[in-house]
Amino acid sequence: MAPKHNNQVFDSHFHKDWQRYVKTWFNQAGKKKRRRTLRLQKAKAVAPRPVAGLLRPVVHCQTIRYNARVRAGRGFTLDELKAAGINKKQARSIGIAVDHRRKNRSQ
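## As for the overall build of the protein
Then, number 1: Scanning the protein for helices and strands turns up 3 helices and 2 strands.
Then, number 2: Sequence-ordered secondary structure for the protein, helices as α and strands as β, is α-β-β-α-α.
Then, number 3: Taking 13 Å as the expected radius of gyration for a compact globule of 107 residues, we find that the protein reaches 28 Å, considerably beyond that expectation.
Then, number 4: By principal-axis analysis of the C-alpha atoms, the protein measures approximately 85 × 40 × 20 Å.
Then, number 5: A total of 107 residues make up the protein; the buried ones form 14% of that total.
Then, number 6: Within the protein, residue pairs in contact and separated by at least 24 positions form 36% of the contacts whose partners lie at least 6 positions apart.
Then, number 7: Summed over its atoms, the accessible surface of the protein is roughly 10400 Å², and 55% of this surface lies on carbon and sulfur atoms.
Then, number 8: Of the charged side chains in the protein, 27 are positive and 5 negative, and the gap between their average positions amounts to 7 Å.

## Section: the pattern of salt bridges
Then, number 1: Using the criterion set out here, one finds 3 salt bridges in the structure.
Then, number 2: The partner of R20 in a salt bridge is D17, and the shortest N-O contact between them spans 2.8 Å.
Then, number 3: Overall, D17 belongs to the partly exposed group, its relative accessible area being 35%.
Then, number 4: For D99, the salt bridge goes to R101, with nearest N and O atoms at 3.5 Å.

## Remarks on the side chain of N104
Then, number 1: One can find N104 in the segment after α3 (88-93).
Then, number 2: Apart from residues no more than four positions distant in its own chain, N104 is found in contact with T77, D79 and E80.

## Thoughts on unusual backbone geometry
With the exception of glycine, most residues fall at negative phi, and the peptide bonds are largely trans.
Then, number 1: A positive phi angle, near 80 degrees, is found at H5, a position not held by glycine.
Then, number 2: Within the element layout of this structure, H5 appears in the segment before α1 (28-45).

## Thoughts on the environment of R74
Then, number 1: Along the chain, R74 turns up in the loop between β2 (70-72) and α2 (78-84).
Then, number 2: Residue class for R74 comes out exposed when judged on its relative accessible area of 54%.
Then, number 3: Separated by 28 residues in sequence, R74 and R102 have C-alpha atoms that sit 8.7 Å apart.
Then, number 4: Setting aside residues no more than four positions away along its own chain, R74 makes contact with R56, A97, D99 and R101.

## Side note on the side chain of D99
Then, number 1: Relative to the helices and strands, D99 is located in the segment after α3.
Then, number 2: According to the relative accessible area criterion, D99 is buried, its value standing at 7%.
Then, number 3: Not counting residues within four places of it along the chain, the set of residues in contact with D99 comprises R74, G75, F76 and T77.

Cut-off values and rules
- Starting afresh in each chain, residues are numbered from 1 along the sequence in its written order.
- The predicted origin of the model limits local features to residues at a pLDDT of at least 70 and limits the giving and counting of side-chain atom pairs to 80 or more, whereas totals for whole chains, interfaces and linings rest on all residues.
- The side-chain quantities take in all heavy atoms of the structure and omit both hydrogens and water.
- Working definition: helices are DSSP H or I runs of at least four residues, strands are E runs of at least two. Numbering for both runs from the N terminus.
- Taken over C-alpha atoms, the radius of gyration is set against a globule rule of 2.2 Å times the number of residues to the power 0.38.
- The buried label applies to any residue whose accessible area, calculated with a 1.4 Å probe on protein chains only, is under 20% of its type's maximum; exposed applies above 50%, and partly exposed to all values in between.
- For this analysis, residues touch if any pair of their heavy atoms sits within 4.5 Å.
- Only the protein chains shown count as cover for residues, with accessible areas throughout obtained via the Shrake-Rupley method and a probe of 1.4 Å.
- A positive count includes Lys and Arg, and a negative count includes Asp and Glu. His and the chain ends are not counted in either.
- A single reference atom marks each charge: NZ on Lys, CZ on Arg, CG on Asp, CD on Glu.
- Any carboxyl oxygen of Asp or Glu within 4 Å of a side-chain nitrogen of Lys or Arg constitutes a salt bridge here.

The following block contains the structure:
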């Protein structure tokens, strides 16, 4: 509890062990370089596939409020893959998302 009334204000030593709580960033440049090299290694490892995840279709949102907005869909339909000449299993292996439940209602 804080002291009450017209008494002496204590000379508190709040700055005593401040070195323990200081966080330095001397390794910032090294970490940045490491992240970059790891990203490049991952890109080489998954070579034909996209690095940022599976390739997804652009779809419109459903409700009246958001239907002007487009977003990334779950995956391409089987008809779209057939039109592109890609097998369902081959699409997954080269990094293309497949959604077997989606229908092409706009065509």
